Amino acid sequence: MSQRLYVGNLPFSATEDSVRSLFEQYGPVNSVNLITDRDTGRPRGFGFVDMDDANAAQESITALNGQDFDGRRLTVNEARERSPRGGGGDGGGGGGGGGGRW
């Protein structure tokens, strides 16, 4: 089972290849996914790295968390599951228009 790592505070110049190269120093990398803004396509400064070897993943966390990468101090930790987001996409603010009080 692969271990997913969160990588934050990435420089906007980072590419999937540069992040892959950084993490491959500690073990094989299955995938790199850098997050971009859906409207502008610009990088958002964070992403995820999947590694098969849990020991290699932990070693990369220990080695890279807080380290400089192109002028930015990285945040690297084990990714947490995304919590479900509420709402059904209706864009409304609470339904039947009663002033928002419960």
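Refer to the preceding data block for the structure.
Now for a description of the structure that goes with this document.

**So, the overall build of the protein chain**
Logical step 1: For the protein chain, the helix and strand inventory stands at 2 helices and 6 strands.
Logical step 2: From first element to last, N terminus to C terminus, the protein chain shows the α and β order β-α-β-β-α-β-β-β.
Logical step 3: A total of 102 residues make up the protein chain; the buried ones form 29% of that total.
Logical step 4: Sequence separation of at least 24 residues holds for 61% of the intrachain contacts in the protein chain that already meet a minimum separation of 6.

**Considering the pairing of strand β3 (residues 43-51)**
Logical step 1: Relative to β3, strand β1 (residues 3-8) is paired through 6 bridges, and the arrangement is antiparallel. When the sheet's bridge partners are listed, L5 is paired in β3 with V49.
Logical step 2: With antiparallel pairing between neighbouring strands as the criterion, strand β2 (residues 29-36) and β3 make up a hairpin whose turn holds 6 residues, including G41 at a positive phi of roughly 80°.

Procedures and definitions
Residues numbered from 1 in each chain as written. Predicted model: local features only at pLDDT ≥ 70, side-chain atom pairs only at ≥ 80, totals over all residues. Heavy atoms only, no water. Helix = DSSP H or I, 4+ residues; strand = E, 2+ residues; numbered from the N terminus. Buried < 20%, exposed > 50% of the residue type's maximum accessible area, 1.4 Å probe, protein only. Contact = heavy atoms within 4.5 Å. Pairing = 2+ DSSP bridges.

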